[in-house]
Every structure is written in structure tokens, then in C-alpha cells.
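Structure assessment
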Amino acid sequence: MSFGRMPIANGFLSPAEFGEEYFYDLSVAFCSDCGMVQLIEQVAPEKMFHENYAFFSSTSTRMATHFKEMADGVMNEYLGSVDPFVVEIGSNDGIMLQHFRQAGHRHLGIEPSLNVAQVAMEKGVQTICRFFDEELASEILAEHGPADAFLGANVMCHIPDIHSVIAGVKLLLKPQGVLIFEDPYLGDIVEKTSYDQIYDEHVFYFSLKSISHLVEQHGLEVIDVRSLGVHGGSMRYVIGHKGARVASESVAALRATEERLGLHRPETYAQLRSNIERSRDELMEQLRQLKAQGKRVVGYGATSKSTTVTNYCGITPDLVEFISDTTPIKQGKFSPGAHIPVRHYQEFEADYPDVALLFAWNHAAEIMAKEESFQGAGGRWLVYTPRVEVLG
Ligand code: SAH
Ligand code: TMP
């Protein structure tokens, strides 16, 4: 399926930069052999991850809690050796590794986006500003020795040369070491029609089947899985050297669920495509109706996901006045492609719109809880996943 010409999802820009904005063809395909769903055209990582990367993990308090729990879980279960060593790729502003640092564990973050890496370093989190691959894995091994745990959240699916990453992990892990990573789950995308998970940074849309197929080629195997509510539905995979650990029952259970969902059948994706097209048509119809009624609509959360929605659906600034966002680097800029102004959260608060289009729907619980006064003032939420509707 093609979503058409797309800009860089996190490429918020100023009017002076409109003329040279980069576009590529966002299209996604399913492989019926290995079960992988992935982008066809891939944007060069250096165009997305650099010294002006716009996504700071710690903007969400829910995610901060989530990663504290994950760090505690890893410390309790997998760091039993003397002087254990933890590596995390995509460590961003140190949201997770800071807990290993505080516990006094040897740790190393690999984070190619310099601005977010610097925030981590300021917290005392050991960080290398590079892209992880097999070559870097052998350098880390030579300098620090093997790892007890290799972690990655919302990063594994970002890396086009995924085989190099898995080969590096294989090299770096102790015999009892584990790779633990989580990413948005394909099953949730299919079930919720959450097509906005599809954008340049997300090269892969993983399932247990595609992950098993991938890691088994490198002498590794999936030993545990856990579905997570974060980011609109994610899956955490725990992977060990083949035969080193006993696989939990959750693995067989998820395999059966994926069969039931039809995740490995092409028809599932034909259906997904028509669901996506319907979702687009309904959202545009809703926005046009609101405009015809003279209602003010403002976007909430200038997420990377919103870039797919605004550009695929054709949402223009006359339908959505601006997008409110708490991230300083995005404020005062314009959204990629659609060029909707991104404004400080205070502008949302100062003059509530009639309707807020919830682009940050993956943080809905956190946001709705803190926006009681918007709702109290008669404001309503427009959501588009799992279906297009105005709430309240
Ligand atoms: N783990 C954080 C950040 C996810 S955003 C969280 O879940 O909130 C993805 C991060 O991965 C970005 O900070 C990006 O710079 C980083 N990244 C991208 N390619 C990478 C690679 N090859 N190796 C390590 N990190 C990478
Ligand atoms: P994410 O969906 O990729 O996590 O990005 C969330 C974006 O939404 C990020 O730019 C910050 C913004 N945001 C707000 O503006 N207000 C909020 O309350 C939350 C949770 C996020």
C-alpha cells in the first residue's frame, strides 16, 4: 500500500525551509514467507537521527514510569551476575538507563542523535553518540566485555540493517545474556487500524513470527513475550541464545493468537488497506463538517504519527488551526508536509478550541486526565483510532 509522497515524520520546519523539504514514497508491504511487514523505500537514517532530533522520550510521564518499571524488572530478573553490564540502543535522553546508573550498574547507551544524547550525558548516563551495528558491537565487546542485558525500546524497528544489529547482539551477549526489546505491535495496528504507526522511522512492523524468523537465523530464540499498553499497543520480546533458557508459555500462546488474527495471511492486509481508506474518508468528512459548523479544531500533540495522518488524509491549516505540543524544539515551527503551525501548549490552554484532534492518542489516558478543564469547558476530543469519532 502506498500512502503517497511523505516528508520526514519528525522534520518540523520553518517557512524558510519549505522549499527544500525532503519527500519520499511511503509504502509498506507484507512478506508471506517470513511474515515481516516493512517499508519499501527507506529514508537514510542520518536524515532522521541527528543533532536536531525532535523526539525527547521524557516528555511523557507515563513513559517515564513505564521505563522505570522495565529497568526494575531487568535488574530483578537478569542482572544476577557479579558486576553486570547493560547496553541500551536508542537510549535517547536516558529515560531508562538513568535507573541502572542510579543503581550503580555498568551501563552504556548508544544514541546517534546528539541533542538527546547530551541530555542523557548531563544526567551522568554513559552514552556513545553513534549508530549501533555489528562493527560497534565488536568495539564495545573489546572495551567493556560481554553484556548481561541488551535493551531497546522503540528503536529496533527503526534500523534498516536489522541483520547487522542482531549479529551484533549475538556477539555481545553473555551465554545467559538476554536481548529485551519492545516496539509497536503489528497485531494492534491491524486491530485498531492505527496506520499512523507507519512512517519513515518505523521501517519494520514486527510480529512474533517475523521476529522468530529473524533471530533464529542468528542462533537466537524468543523466550518470552509480553503485550504492553504503551504507544498504542506494543510487544516486548525477550530473546536468548538458542537453547540457553527455557521459553515461557506466552510464546506459544502468542503464536496461536497471531494465527487466529490472520497476521500471516495476505487477505488481512487487503482488509487493513480498505479499513485505512475508510478511516481517512471518515476523518476528512468529520473535519469538513466541523468547519462548516464554524467550530475551531486544534491538533493535540505534534507526534511523528500525525505526519502520516495529516499528509495521507490531506489535512490543511484551514481544517486544523494549529497543533499544540509541549516539546520546545517543535514550537514555533510547522508540521512536516502539511505545514500546520505547531504552537506552545499555553495557546491551547489560553483559548480552548471546540474540538481537539487527538494526534497523541497513544497517551490518551494521561492527556484526558490532565485536560479535565478543557472537557469541563465543553471541549470535545476527535479521535481516529480504533474508529473516527467525536467523544463526549
Ligand atoms: N528508547 C526511547 C527512544 C525511542 S526513539 C523511547 O522508547 O522513548 C528512537 C531512538 O533510536 C532515537 O533517539 C534515535 O536517535 C535512536 N536510533 C536510531 N537508529 C539507531 C541505531 N542504529 N542505534 C542506536 N540508536 C538508534
Ligand atoms: P509520541 O506519540 O511519539 O510519544 O509523541 C508525543 C508528542 O505529543 C510529543 O511531541 C509530546 C506531545 N505531548 C503533548 O504535547 N502533551 C502531552 O500531554 C503528551 C503526553 C505529549
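Numbering of residues starts from 1 in every chain and runs along the sequence as written. Think of it this way: whatever chain is written first is A, whatever ligand is written first is 1, and the rest follow in order. At least 70 in pLDDT is required for a residue's local features to be given in this predicted model, at least 80 for side-chain atom pairs to be given and counted, and no such filter applies to totals for whole chains, interfaces and linings, which use all residues. The side-chain figures draw on all heavy atoms in the structure; neither hydrogens nor water molecules are used.

To continue, consider the site of ligand 1. Near is defined per residue: the residue qualifies when any heavy atom it owns lies within 4 Å of the molecule or strand. As a structural note, the neighbourhood of ligand 1 is formed by 20 residues, with S57, G90, E111, S113 and A153 the closest of them. Contacts described as polar in this section are N or O atom pairs within 3.5 Å, which, within protein, must combine one atom able to donate a hydrogen with one able to accept it, while residues neighboring in sequence count only if both atoms come from side chains. Within the side chain of S57, one N or O atom sits 2.7 Å away from an oxygen atom of ligand 1. Interatomic distance of 2.8 Å between a backbone N/O atom of G90 and a nitrogen atom of ligand 1. We get accessible surface area from the Shrake-Rupley algorithm with a probe of 1.4 Å; when it comes to residues, only the shown protein chains can shield them. When isolated, ligand 1 has an accessible area of 580 Å², and the protein chains bury 98% of it. In this classification, Asp, Glu, Lys and Arg are treated as charged, Ala, Val, Leu, Ile, Met, Phe, Trp, Tyr, Cys and Pro as nonpolar, and every other residue, Gly included, as polar. Here the shell around ligand 1 is composed, by residue class, of 12 nonpolar, 6 polar and 2 charged.

What follows deals with the site of ligand 2. Among the 18 residues in the neighbourhood of ligand 2, the closest are listed as K305, D325, K330, H363 and K370. A distance of 2.7 Å separates an oxygen atom of ligand 2 from a polar side-chain atom of D325. Between ligand 2 and H363, the relevant distance is 2.8 Å, taken from an oxygen atom to a side-chain nitrogen or oxygen of the residue. Bound to the protein, ligand 2 loses 96% of the 490 Å² it would expose on its own. Secondary structure follows DSSP: runs of H or I at least 4 residues long count as helices, runs of E at least 2 residues long count as strands, and numbering of each begins at the N terminus. Going through the elements one at a time, strand 13 (323-325) and helix 13 (364-370) are the ones with two or more residues in the shell around ligand 2. No other element matches helix 13, which puts 3 residues into the shell around ligand 2. In terms of residue class, the shell around ligand 2 is made up of 5 nonpolar, 8 polar and 5 charged.

Moving on to the domain arrangement of the chain. What fixes the domain bounds is an automatic or database domain assignment. Each domain of the chain was delimited in the assignment, giving domain 1 (2-28 + 294-391) and domain 2 (35-264). Here domain 1 and domain 2 have C-alpha centroids that lie 27 Å from each other. The interface of domain 1 with domain 2 comprises 28 residues on the first partner and 32 residues on the second. By definition, the buried area sums, over both parts, the 1.4 Å-probe accessible area that each loses when the two are put together. Roughly 2,600 Å² of surface becomes buried between domain 1 and domain 2 when both sides are summed, with 61% attributable to carbon and sulfur atoms. By convention in these notes, a salt bridge is any Lys or Arg side-chain nitrogen within 4 Å of a carboxyl oxygen on Asp or Glu. The interface formed by domain 1 and domain 2 contains 0 salt bridges. Linking domain 1 with domain 2 are 14 residue pairs in polar contact (both at pLDDT 80 or more), by the criterion used here. Pairs of residues are marked as contacts when any of their non-hydrogen atoms sit within 4.5 Å.

Within this structure, the stated rule accounts for 15 salt bridges. R387 serves as the salt-bridge partner of E389, at 3.5 Å between the closest nitrogen and oxygen. One salt-bridge network, in which partners are shared between bridges, spans R296, E321 and D351.

Turning next to the sheet that holds strand 1 (residues 2-7). In short, DSSP must find at least two bridges between two strands for them to pair. Spatially, the 4 strands line up as an open sheet ordered 1-2-3-9, and their pairing is antiparallel. Only two strands of the sheet have a single partner each, and these edge strands are strand 1 and strand 9 (204-205). Bridge analysis of strand 2 (residues 23-30) against strand 3 (residues 37-39) gives 3 bridges, and the strand direction is antiparallel. The partner of A29 across the bridge, within strand 3, is Q38.

Quick look at the nonpolar core now. As used here, the term nonpolar core means buried Ala, Val, Leu, Ile, Met, Phe, Trp, Tyr and Cys residues forming a set that is joined through side-chain atoms within 4.5 Å. Here the term buried applies to any residue with accessible area under 20% of the maximum for its type, exposed to any over 50%, and partly exposed to those in between, with areas from a 1.4 Å probe on protein chains only. F132, F206, L283, L287, I315 and L357 are the most contacted members of the largest nonpolar core, which has 102 residues in total. The residue makeup of this core includes at least three contributed by each of domain 1 (2-28 + 294-391) and domain 2 (35-264). M75, L97, I223 and V238 belong to the second-largest nonpolar core, a separate cluster that totals 24 residues.

All right, on to the packing of aromatic side chains then. For Phe, Tyr and Trp, where Trp contributes only its six-membered ring, two rings pair if their centres lie within 6.5 Å, and the inter-plane angle classes them as stacked under 30 degrees, edge-to-face over 60, or tilted in between. Inspection of every chain in the model, using the stated rule, returns 19 aromatic pairs. With a centroid separation of 4.5 Å and 25 degrees between ring planes, the pair formed by F30 and Y269 is classed as stacked. On the criterion of sequence distance, the pair formed by F30 in strand 2 and Y269 in helix 10 (residues 266-292) is long-range, its members being 239 residues apart. Among the aromatic residues, ring-to-ring pairing joins Y300, Y345, F348, Y352, F374 and W381 into one connected group. The aromatic ring of Y22 is capped on one face by K47, whose charged end is 4.5 Å from the ring centroid. Lysine and arginine charges are scored as sitting over a ring when NZ or CZ, respectively, is within 6 Å of the ring centre and within 35 degrees of the ring normal.

Let us now look at the pairing of strand 8 (residues 173-184). Counting buried residues along strand 8, 9 of its 12 residues qualify, which places the element largely inside the surrounding structure. Summarising the sheet, strand 7 (residues 147-153) and strand 8 pair through 6 bridges and their orientation is parallel. Residue pairing for strand 8: A147 is matched across the bridge by L173. Whether a crossover is right-handed depends on one test, that the path from the first strand over the helix to the second runs clockwise when the strands point away from the viewer. Taking the sense of rotation as the criterion, the β-α-β connection linking strand 7, helix 6 (residues 162-172) and strand 8 turns out right-handed.

Another aspect to go through is the side chain of T307. Mapped onto the elements of the fold, T307 is located in helix 11 (residues 304-313). In this structure T307 touches M6, P7, I8, A9 and P336, once residues within four positions along its chain are discounted.

Okay, helix 11 next. Here helix 11 lies mainly inside the structure; 10 of its 10 residues are buried. By the burial criterion, the buried members of helix 11 are S304, K305, S306, T307, T308, V309, T310, N311, Y312 and C313. Where helix 11 is buried, its residues touch strand 1, strand 2 and helix 10. One or two residues past the end of helix 11 sits G314, with phi positive at roughly 85 degrees.

What follows deals with unusual backbone geometry. A cis amide bond, omega 5 degrees, links T385 with the succeeding residue P386. One non-glycine residue, N92, lies in the positive phi region at around 50 degrees. Inspection of the secondary structure assignment puts N92 in the loop between strand 4 (85-89) and helix 3 (97-102).

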